[in-house]
Protein chains: 2
Amino acid sequence: MATLVYTQFVFLLLFQSSVWGFPVRQTPQESPTCGYKSCHATKPGMLNVHLVPHTHDDVGWLKTVDQYFYGDRNDIQHAGVQYILDSVVDQLLKNPDRRFIYVETAFFYRWWKRQTDDMQNTVKQLVNEGRLEFVNGGWCMSDEATTHYSAVVDQMTMGLRFLNDTFGHCGRPRVAWHIDPFGHAREHASMFAQMGYDGFFFGRLDYQDRSRRMAAREQEMLWRASESLTPPMADLFTGILPNGYNPPEGFCWDQSCDDPPIRDDPDLEDYNVDDVVTRFLSIAHTQALVYKTNHIIMTMGSDFQYENANLWYKNLDKLIHYVNQQQSNGSKVNVLYSTPSCYLQELHRTNLTWPLKGDDFFPYADSAHDFWTGYFTSRPALKRYERISNSYLQTCNQLEVLGGPISRKGPFGAGDSETMKKAMAVAQHHDAVSGTEKQHVANDYARRLANGWAHCQVLVSNTLSSLSGSSAPRVYCEHLNISVCPLTETSKKFSVNVYNPLARPVSWPVRLPVNGTAYSISDANGKAVDSQVVPVSQATAAVRRGRGYAVNELLFQVQAPPLGYSTYSVSLLQNGAPSPQASPLPRAPKAVQNKFLRVTFDPETGLLSSLSNLETQQTVKLSQNFYWYNASDGKNSESIQMSGAYIFRPNTSTPFIISKTAKIETLQNSVVQEVRQWFSPWVSQVVRLYTDSRALELEWTVGPVPIGDDLGKEVISRLDSSINSSGVFYTDSNGREMLQRRKDYRPTWNLRQSEPIAGNYYPINSRAYIKDDKDQLTVVTDRSQGGGSIQDGSLEIMLHRRLLYDDVRGVGEPLNETSDIYPEGLVVRGRLLLSLSPPATAADTHRPLAQEVVLQPLITFTDGELHPNTRLEFSGLQAVLPPAVHLLTVSQWDQDSVLLRLEHQYQASESKEHSQPVSVNLQKLFSTLDVLGVSEMNLSANQWKDEMTRLDWKAESGEKPLPKREGDPSMWEVNLKPMEIRTFLLRVRQR
Amino acid sequence: MATLVYTQFVFLLLFQSSVWGFPVRQTPQESPTCGYKSCHATKPGMLNVHLVPHTHDDVGWLKTVDQYFYGDRNDIQHAGVQYILDSVVDQLLKNPDRRFIYVETAFFYRWWKRQTDDMQNTVKQLVNEGRLEFVNGGWCMSDEATTHYSAVVDQMTMGLRFLNDTFGHCGRPRVAWHIDPFGHAREHASMFAQMGYDGFFFGRLDYQDRSRRMAAREQEMLWRASESLTPPMADLFTGILPNGYNPPEGFCWDQSCDDPPIRDDPDLEDYNVDDVVTRFLSIAHTQALVYKTNHIIMTMGSDFQYENANLWYKNLDKLIHYVNQQQSNGSKVNVLYSTPSCYLQELHRTNLTWPLKGDDFFPYADSAHDFWTGYFTSRPALKRYERISNSYLQTCNQLEVLGGPISRKGPFGAGDSETMKKAMAVAQHHDAVSGTEKQHVANDYARRLANGWAHCQVLVSNTLSSLSGSSAPRVYCEHLNISVCPLTETSKKFSVNVYNPLARPVSWPVRLPVNGTAYSISDANGKAVDSQVVPVSQATAAVRRGRGYAVNELLFQVQAPPLGYSTYSVSLLQNGAPSPQASPLPRAPKAVQNKFLRVTFDPETGLLSSLSNLETQQTVKLSQNFYWYNASDGKNSESIQMSGAYIFRPNTSTPFIISKTAKIETLQNSVVQEVRQWFSPWVSQVVRLYTDSRALELEWTVGPVPIGDDLGKEVISRLDSSINSSGVFYTDSNGREMLQRRKDYRPTWNLRQSEPIAGNYYPINSRAYIKDDKDQLTVVTDRSQGGGSIQDGSLEIMLHRRLLYDDVRGVGEPLNETSDIYPEGLVVRGRLLLSLSPPATAADTHRPLAQEVVLQPLITFTDGELHPNTRLEFSGLQAVLPPAVHLLTVSQWDQDSVLLRLEHQYQASESKEHSQPVSVNLQKLFSTLDVLGVSEMNLSANQWKDEMTRLDWKAESGEKPLPKREGDPSMWEVNLKPMEIRTFLLRVRQR
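What counts and what doesn't
- In every chain, residue numbers begin from 1 and rise along the written sequence.
- Labels are handed out in written order, letters beginning with A for the chains and numbers beginning with 1 for the ligands.
- Per-residue local features are limited, in this predicted model, to residues with pLDDT of at least 70; the limit for side-chain atom pairs, both in listing and counting, is 80 or more; totals at the level of whole chains, interfaces and linings are taken over all residues.
- For side-chain calculations, the full set of non-hydrogen atoms in the structure is used, while hydrogens and water are omitted.
- A pair of strands is labelled paired if DSSP reports no fewer than 2 bridges between them.
- A run of H or I in DSSP counts as a helix once it spans at least four residues, and a run of E counts as a strand once it spans at least two, with each numbered from the N terminus.
- Throughout, an axis means a line fitted to C-alpha atoms (over the contacting stretch in the case of helices), and angles, computed between N-to-C directions, take values from 0 to 180 degrees.
- Contact criterion: two residues are considered in contact whenever any of their non-hydrogen atoms come within 4.5 Å of each other.
- UniProt positions are given in the numbering used here, feature names are shortened, and annotations may be inferred rather than shown by experiment.
- Buried area: the accessible surface (1.4 Å probe) lost by two parts on joining, summed over both.
- By definition here, a salt bridge exists when the distance from a side-chain nitrogen of Lys or Arg to a carboxyl oxygen of Asp or Glu is within 4 Å.
- We define a polar contact as two N or O atoms separated by no more than 3.5 Å, with the added condition that, inside protein, one atom must be a possible hydrogen donor and the other a possible acceptor, whereas residues neighbouring each other in sequence contribute only through side-chain atom pairs.
- For a crossing to be left-handed, the near helix must be turned anticlockwise from the far one by less than a right angle; the clockwise case is right-handed.
- Three classes are used, and their members are as follows: Ala, Val, Leu, Ile, Met, Phe, Trp, Tyr, Cys and Pro are nonpolar, Asp, Glu, Lys and Arg are charged, and the others, Gly among them, are polar.
- The classification of residues rests on relative accessible area computed with a 1.4 Å probe and restricted to protein chains. Under 20% of the type maximum is buried, over 50% is exposed, and intermediate values are partly exposed.
- Copy-to-copy alignment: least squares on C-alpha atoms, limited to residues at pLDDT 70 or above in both.
- A pair of aromatic rings is counted whenever rings of Phe, Tyr or Trp (Trp by its six-membered ring) have centres within 6.5 Å, and the orientation is called stacked for planes under 30 degrees apart, edge-to-face for over 60 and tilted otherwise.
- Sitting over a ring, as applied to charges here, requires NZ of Lys or CZ of Arg to be within 6 Å of the ring centre and within 35 degrees of the ring normal.

### Structural notes on the sheet that holds strand S1 (residues 47–53) of chain A
Residue and element names in this part refer to chain A. A sheet is described by the order of its strands in space; here 3 strands give the open sequence S9-S1-S10, paired in parallel fashion. Strands at the two margins of the open sheet, each flanked by one partner only, are strand S9 (295–300) and strand S10 (333–337). Neighbour to neighbour, the strand axes of the sheet diverge by 25° on average, direction disregarded. Of the strands in this sheet, S1, S9 and S10 touch helix H9 (residues 273–288), which is tilted by about 120° from S9. With respect to the sheet, helix H10 (residues 309–325) is in contact with S1, S9 and S10, its orientation differing from that of S10 by roughly 155°.

### Structural notes on the UniProt feature "domain: Glycoside hydrolase family 38 central" (unreviewed entry) in chain A
According to UniProt, the feature "domain: Glycoside hydrolase family 38 central" (unreviewed entry) maps to residues 370–449 of chain A in the numbering used here. Summarising residues 370–449 of chain A: 56% helix, 8% strand, and an end-to-end C-alpha distance of 32 Å.

### Details of the interface of chain A and chain B
Opposite the 42 residues of chain A that make contact, chain B presents 42 residues. Carbon and sulfur atoms supply 41% of the area that chain A and chain B bury against each other, a total of about 3600 Å² over both sides. Taken together, the links from chain A to chain B amount to 14 salt bridges. Notably, a salt bridge pairs Lys 314 of chain A with Asp 86 of chain B, separated by 2.6 Å at the nearest N-O pair. Put simply, chain A and chain B have 32 residue pairs in polar contact (both at pLDDT 80 or more) between them.

### With respect to the packing of helix H6 (residues 149–167) of chain A against helix H7 (residues 186–194) of chain A
Residue and element names in this part refer to chain A. In contact at an axis separation of 11 Å, H6 and H7 are set at 40° when each is read in the N-to-C sense. The handedness of the crossing between H6 and H7 comes out as right-handed. Of the residues in H7, those in contact with Tyr 149, Val 152, Val 153 and Met 156 of H6 are Glu 187, His 188, Met 191 and Phe 192. The class makeup of the residues in the contact of H6 with H7 is 6 nonpolar, 1 polar and 1 charged.

### Here's the deal with H7 of chain A
Residues and elements named next belong to chain A. With 9 of its 9 residues buried, H7 lies for the most part within the structure. Looking at H7, one finds that the buried residues are Arg 186, Glu 187, His 188, Ala 189, Ser 190, Met 191, Phe 192, Ala 193 and Gln 194. One or two positions beyond H7, positive phi appears at Gly 196, with a value near 95°.

### Digging into the side chain of Asp 72 of chain A
Inspection of the secondary structure assignment puts Asp 72 of chain A in the loop between helix H2 (65–70) and helix H3 (81–94). Judged by its relative accessible area of 5%, Asp 72 of chain A is buried. With near-sequence residues (within four places) excluded, Asp 72 of chain A lies in contact with Lys 63 and Gln 67 of chain A together with Pro 260, Pro 261 and Arg 263 of chain B.

### So, the relation of the copies chain A and chain B
Of the transformation superimposing chain A on chain B, the axial component is 0.0 Å and the angular component is 180°, with the fit at an RMSD of 0.0 Å. The relationship between the two copies is best expressed as a two-fold rotation axis. No C-alpha of chain A approaches the rotation axis more nearly than that of Asn 308 of chain A, which lies at 2.8 Å. When the interface residues of chain A are mapped onto chain B, 100% of them again fall at the interface, so both copies present the same face.

### Structural notes on the environment of Leu 689 of chain B
Residues and elements named next belong to chain B. Considering the arrangement of structural elements, one finds Leu 689 in strand S31 (residues 683–690). The exposure class of Leu 689 is buried, given its relative accessible area of 1%. C-alpha separation for the pair Leu 689 and Leu 512, spaced 177 residues apart in sequence, amounts to 17 Å. Leave out the neighbours within four places in its chain, and Leu 689 touches Val 592, Gln 593, Asn 594, Leu 597, Val 671, Val 672, Gln 673, Ala 695 and Leu 696.

### Brief notes about the pairing of strand S32 (residues 696–702) of chain A
All names here are of chain A. The buried count for S32 comes to 7 of 7 residues, which makes it a mostly enclosed element. Neither face of S32 is left uncovered, since the one carrying Leu 696, Leu 698, Trp 700 and Val 702 and the one carrying Glu 697, Glu 699 and Thr 701 both have all their residues buried. Here strand S31 (residues 683–690) pairs with S32 via 6 bridges, running antiparallel. Residue pairing across strands places Arg 688 opposite Glu 697, the latter belonging to S32. Hairpin connection between S31 and S32: a loop of 5 residues separates the two successive antiparallel strands.

### Here's the deal with the pairing of strand S38 (residues 776–781) of chain B
All names here are of chain B. Among the 6 residues of S38, 6 are classified as buried, and the element is accordingly described as predominantly covered. Relative to S38, strand S37 (residues 767–771) runs antiparallel, the two being bridged by 5 bridges. Within the sheet, the bridge partner assigned to Arg 767 lies in S38 and is Val 780. Where S37 folds back onto S38 in an antiparallel hairpin, the turn is made up of 4 residues. The pairing of S38 with strand S41 (residues 828–837) spans 6 bridges and is antiparallel. Its bridge partner lying in S41, Val 780 is registered against Leu 833.

### Brief notes about the packing of aromatic side chains
Within this structure, the stated rule accounts for 96 aromatic pairs over all chains. Put simply, the rings of Tyr 102, Phe 108, Tyr 109, Trp 111, Trp 112, Phe 134, Trp 139, Phe 162 and Phe 167 of chain A touch in pairs and so form one group of aromatic residues. The side chain of Lys 357 of chain B reaches across the aromatic face of Phe 361 of chain B, ending 3.8 Å from its centre. Sitting over the ring of Tyr 627 of chain B, Arg 718 of chain B keeps its end group 4.2 Å from the ring centre.

### Considering the side chain of Ser 87 of chain B
For Ser 87 of chain B, the location among the structural elements is in helix H3 (residues 81–94). Those residues in contact with Ser 87 of chain B, other than ones at most four positions away along the chain, are Tyr 306, Glu 307, Asn 308, Ala 309 and Asn 310 of chain B.

Set out below in structure tokens:
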């Protein structure tokens, strides 16, 4: 024990050294001026106007992130971030009163690494004096509707770590700042709270919501962002900015604006100081009417502004001078350079109580017919690629830890997870995975992810080679979803490695494109595995476009241990066509079923007709079909708003059916039962039930969406059930907690519904469900999508959108995706996983199910016979973790340290069995690593947990909760309560 | 004598003190680095590419000069000069290698006076080190086609003086820089040579001229810019810039450009250094093919660029780095930051000979149908107002000197000439008097002139009060040209003061609007003066628009002494209508004549039919009529070019006649004979012969030009004579020397004429003539106009233009002038003065005639009886100057010093009588001032003449002239040779 204590002591000492890049422990003498201490004084008896100079730098939108950084392609949009930072630093140096905030670390990092030591020291000085302040500080400003919390936590961690490593605690943002995302997720607020932010500001919310809040002076509030976490763990002070994130009208002095500068030379024409002061005072007084305190904030900046910061600052200096000069004439307005944290500090000092907010800010409408609910689905292929890339990245991270240094430099060369981390981080941007960027930018995000994955593949190969003892070349088949894999199509003998990134074992169906008729398969123990060879479906053959020629698919079920792999050997037994009985039959079955589920079909239409859970003996009527909404072309008496990348606006509230009946083929064998449905040349589906699955898979293939009729189309899959859902359905927030959605209703204001469909759409990141007292039908999605429940018992999910008009929100392109391979329009394939359960136990199914979709096994191949010494099975864990525990992060932090996040993946009261505290022993976690030390951090890993002291805020309603923290059983044995994520930095040694 | 020498000694000492704002005498130790010494080294064996960072800042164009300065109205054009200078200074400080040139002192001055002492010292340091270099340095970059040399010399003097006062000799530009004016006048080159410039660069010349010069490598030359001045007095090395004044294609890194920045971070996408270097080397090599030396210049900048200089410099730094890096790979290209003077120095060091240029660069065409000959006439009212304002300013300057300190602060308050000087200086800009600015900017120029004149009026009133001993309020009537003057219209007794700014006495016809029938007039000696009262013409009544109600005009002839005034007393004798015999008769006379001229009319048409000089007994057939060219609307098979503010392009080469006959009235009395011609409701003319005039006056009134037929119109007055002009006519250059113009011909290249009318138009600033062996018909104009001689014996002058289309050269407005008073279109009135002489003596008439039109007497009024002690006559000169001598400048320089310019106003060989050297005694010049000291300066008064050493250049052809300077008879007695201007700084004391 003595040794242990000593070890920990050394470890903590090391962590305090800034050389290591860990958060520096804060001591009073270290921070004389930055943070709240650096704020300008305000004047108590006056209206204090906080001017916040800022730039909003999209990490890709109309241009790629690197084009934005360099100022390339200014023909598309004038924007060059390198120049913004150059200019702002110059201008800050000219007047110590000036302030600037910077937000997007993806850009700041690019800039920083090109600066001289002198410039870096200058910037450090500015940061240390609070003149340059980072807010938000993630790699990007993430989208909130289409991101998964796992990737958001990662990108925030990366951005904040860079700031911490570079600037120490003066670089730690105090304020979260999501001024542009198109609606706000409760889970984001919860994460921000757990990351230690003192407050949060945003710019966009429903126009009706804003009106009410302005009248009631409720634009500033306390957001209680979790129903599971004990307040104030997920409480976040939240403020709505007065003017989006723009300056007040007439006061934009950027080079991109045309507002008149302050002309204060009396010798020249058009002296306008009096006019400027008068207009400013009027705006300030008006703004003060809709906020609670004698402090108001004005955002003096906008998209890519401050490229020539002199224009802004020169005029702001004058504005402050001339407006404050009026105080000697009795004016009670005091203007000052400020930052969001300085403004926040003043709000906090008022000691007021604030209204409590419990739901989220979706959907966002900026006008009666302008609901930003289209982007929930826009670019479904990119959304899926981003989601699967997260799975790749987590696998890559894990294998970097498990492989040790050889993972980064091994037999297959130099690999890294960094490239993928950055690619995933930029993909979280609110114009990236959101699908609201230009086509060429979407291509750039995809290219970055592909490049990231290429770097990871080397790392994965190195580690698997090291763990297995086999240096056989490893083959990656990224097109298995369309049955393309050159190796399996041609090889007579190959092995299949299945790596499972979850903390519990998984069983997983594998489908490999082959040209043989029969194969023998053995598992890691040499045991034969049941397999089937079936013909490739016509739907799949149609979308391959010359990328593969497999005629058959080899189907079998694999198992893999937690945080580990299992290897299967496959040998060709027989060539030629599959046996006739392997081929599908051209008719609908009465039913398909396994031991868990039974599904029936309407023999007339070929559509689903019911779903039964055989374990719980419950059955619901359930039909499913595909429809499309006709996208508004703006030729409409009510509004000229078109459907576009952002906005969903159907022309009519009743969608058009694609086909009332489906052409059917049925395939049934020992591994899988499939009903293949053809609705039209561009819509097909496979209803699939694997032998040991509790979920019914609906694999949809949509596209190319035809537009020859000049009608934009928004394609949905709609489930209509007998469930009495009473106008209510449920969606997840960023893949974590569930939120109730009620038709034509908002929890915090009296909604005047103006778009019966689009106004009832919500983001679905991982799942949605409808329920009544008895039955809960849950749909797990494989990517973020938009959806709604327009009729009781019905749940619709938008799958694909192809539009002919731009929706005038800036992107300047209709969402009309084509590619070299699909010049006539993108074909998209995806899966919905359905489960039926009693509401009380539904989470027991959908939590692990969704987890398996998010972090899917990685399947890799080696050709030929494996060396006999090859280790065919491996687990990085000493033991399976409890079912409630999710291994959110296992990632190399520094040479000897690993970042670990453990998550309780159930909500409070969600599951009788699982919604209980659970504990994990950190020392007994890994099978190949000794954990020598541990230190807990905040969620974003930029602060020691014991140093995370946030400003406390009082809610208008409700008791102020006592923050009580139950101790862990021991230093190594840590407790997790429902929905809790705990973040640890472990010092480790490879065994 | 001893006293005199002493005085001069003190004077010169004083002049050396920089406190006084005179040019500091240069000593070697004072200029360690600026000027040529501050240039970067070049590499002898390489192609040296001189990158010249620059901005071109129009002193008004689409926005007013102050809007440009502040960056106001960026909705019209993004441009803010205050920010340009802020930014450039910042960026120069970042890297001592960087260079910048600044050109327009009107802007620099505005900026400078708002800077702190610290910033001023910083800028001085940059100037002293040659990092910031002034080129050209006038208040503006003057237009060359429509300006008068008098105003150009003034504006250059003002700009250069500011630089001298502020920066000493390091602020003295070495290079003239007219990169934008639309063609180049020989007189400008002559002036620049006399101002001490070592070289001159411009950007625009005829496209055919450029082609030939490129092929022949003759883009750099020696311009011998005077036929009278002894070389090299008016020799100017002249270079044509390679790309107008823009950077090479693909290398514009201003915020206003979209060229790709240098992306040199290998970690980011789209690394393009290799591509940039390759493209640059290719451009450099191609450019070197059309220049003579291994030095080439690239202008890295353009209109209002460098507002964010970081963009330019950051990329230029990289360009220089990466291109020169190739030298280690064998590249023979060396790039460097440079300035025009550093480039010039390298050219000079080559010691090559250069082709000689003798004519000018008019007209300018940038394509076959795109002749920039419209602006010679555009905005005729502004052009006249500018010209008359020059006359006002010279009078104001003279009266400031003659009045002494009381002129600036006297009984009528504070007056100054500074305001008018600045207004006139900005009006010389190449989008000001040129008429190529937007309407609101034209209005601003006019407003500035009006304001300048208002300030001058106070000064003039103070001085005249002081000189005359009468403090009676002085009334100014600025609308006498349309017979409006409230005082004379109502007063029964008033006096008329006629101030003559010329150095010789003048006789001048006065026409005053009155309502009486008969007046008695007495001159300064009490002698009665013959006068006539005639009815106001219908043409005049039609254009007054409620601004006056005089029914009659009082006509009489006045005399005024040199640089002095004479006062006439007017008393009403009789009210009521004029006697019937005073009224015009409704018919054409057979002839009108005085003792000098006889004019006959065609009784059928009412048009002129002949002109005779009765003294020389010569007669020519002469008819005159008005026509209009139909402005091209661009709907044309040959070219889509429209006529516009810049470009004149008639649809057909034959103009449309307005009327073949004129309706006629004839008025004949003892003072004047007038034939009033009506051609249409919008064109009329008075053919007028004053009793003692040697010129026939054609007072034309044109407008509102009708456009109801949707045809743009360009109205000309055409004189058709019997003179056998053989395709040749003559025009003046900026009001000084005459140039021969030959139809469809250019002296230096083989012209392919593509526009038979527009391509034969030339600027007429003060006069034009046609001649044959016997007869010379000279037309003196009252403003700058365009004109041509399309047929032998014919001379046409464009008077007014009203157009319906923009000509796509940037101004973005059709030239379609209206005003509050003339909402249906501007009415313009002006005068052509015709003289007929033998060619050998024609100058004896047209030189003084043009002078009288340029510097016209100022007529002011006082109401009532004058005090008996009033001094009714005054001359500031001790004696009339010789007829060849023109008093170009008499202007207060500093408290005790006066700037004096004496000009020989005849060309060599132009006049047997006057083209002779002449001398003037400076001590005997002024009647009220003692001249205590004298020092000669260069033409622009920013250098002592004895320090003006210019680079000498060798011409390819012709002997290199020996610069010989004949000494003056004495220090006080100075010689003037034909066309010579000598500039002196006099130390004076009021007597």
